Amino acid sequence: MASEWERCSPWIEAALEHALGSHNLSDVYELITDPESGYHFWPGKRSASVTQIVEFPRLKRMHMWLCGGDMAEILDMLPSAEAFGAARGCTQFTTAGRPGWDRVMRPFGYEPVARICMKRI
């Protein structure tokens, strides 16, 4: 896994530029190497993503948190990631990103459900 992380980390680091300063690359590596964290690393040949399984009182959701690299390859990995989440009891799969993601995800059955507004304080 370490060699795959090393190869793919530039894509994850680029995605972190849009994470509003919540994590750095070392933080993400710690999360994906901790089997109890619920975070999973999805390396591709030309891209990579990180998902998180989030448990709420009434449901489990798999969230595609960080994505970088070749968009077509990331989209090709969606069915595997969705199946992985479903096998672990997730009933929802979400992603968040810049406004263009709405258009990209719509053909795969995704619909926008919210907008996030932020103010730095």
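Scroll up for the structure.
Residues numbered from 1 in each chain as written. Predicted model: local features only at pLDDT ≥ 70, side-chain atom pairs only at ≥ 80, totals over all residues. Heavy atoms only, no water.

Trainee: Pulling in residues and values, what's your account of the sheet that holds strand 3 (residues 60-69)?
Mentor: Spatially, 1-2-3-4 is the arrangement adopted by the four strands of the open sheet, whose pairing is mixed. Pairing within the sheet leaves two strands with one partner each, and these edge strands are strand 1 (39-43) and strand 4 (92-95). Along the sheet, successive strands turn relative to each other by an average axial angle of 25°, direction set aside. Where strand 2 (residues 47-55) lies against strand 3, nine bridges are found, and the strand directions are antiparallel. Within the sheet, the bridge partner assigned to Thr51 lies in strand 3 and is Met64. (Pairing = 2+ DSSP bridges. Helix = DSSP H or I, 4+ residues; strand = E, 2+ residues; numbered from the N terminus. Axes fitted to C-alpha atoms, helices over the stretch in contact; angles between N-to-C directions.)

Trainee: Let's hear about the packing of aromatic side chains: which residues, and what values?
Mentor: Going through the model one piece at a time under the given rule, you end up with five aromatic pairs. Between Trp5 and Tyr29, the ring centres sit 5.5 Å apart and the planes meet at 45°, which makes this aromatic pair tilted. Taken as a pair, Trp5 in helix 1 (residues 2-16) and Tyr29 in helix 2 (residues 25-33) lie far apart in primary sequence, 24 residues in all. The buried category is assigned to Trp5, whose relative accessible area is 8%. The class of Tyr29 is partly exposed, set by a relative accessible area of 28%. Each ring, one from Phe93 and one from Tyr110, has its centre 6.1 Å from the other, and the planes form 75°; the classification is edge-to-face. One end of the pair, Phe93, is in strand 4; the other, Tyr110, is in the segment after helix 4 (100-105), and 17 residues separate them in sequence. If you follow Arg88 out to its NZ or CZ, it ends over the ring of Phe84, 3.5 Å from the centre. (Phe/Tyr/Trp six-rings, centres within 6.5 Å; stacked < 30°, edge-to-face > 60°. Buried < 20%, exposed > 50% of the residue type's maximum accessible area, 1.4 Å probe, protein only. Lys NZ or Arg CZ within 6 Å of the ring centre and 35° of its normal.)

Trainee: Lay out the pattern of salt bridges in plain terms, naming residues and giving numbers.
Mentor: In this structure the tally under the stated criterion is three salt bridges. Arg46 is the partner of Asp70 in a salt bridge, and the nearest nitrogen-oxygen pair spans 3.5 Å. With a gap of 24 residues between them, Asp70 in the loop between strand 3 and helix 3 (71-87) and Arg46 in the loop between strand 1 and strand 2 connect regions that are remote in the sequence. The class for Arg46 is partly exposed, based on a relative accessible area of 43%. Taken together, the shared-partner salt bridges connect Arg46, Asp70 and Glu73 into one network. (Salt bridge = Lys/Arg side-chain N within 4 Å of Asp/Glu carboxyl O.)

Trainee: Report on the pairing of strand 1, specifying residues and quantitative values.
Mentor: Direction of pairing for strand 1 relative to strand 2: antiparallel, over a ladder of five bridges. Across the sheet, the residue bridging to Tyr39 is Gln52, located in strand 2. If you look at the hairpin formed by strand 1 and strand 2, you'll find three residues sitting between the two strands.

Trainee: Tell me what's going on with unusual backbone geometry, and back it up with residues and numbers.
Mentor: Even without being glycine, Leu20 reaches a positive phi, approximately 60°. Secondary-structure assignment places Leu20 in the loop between helix 1 and helix 2.

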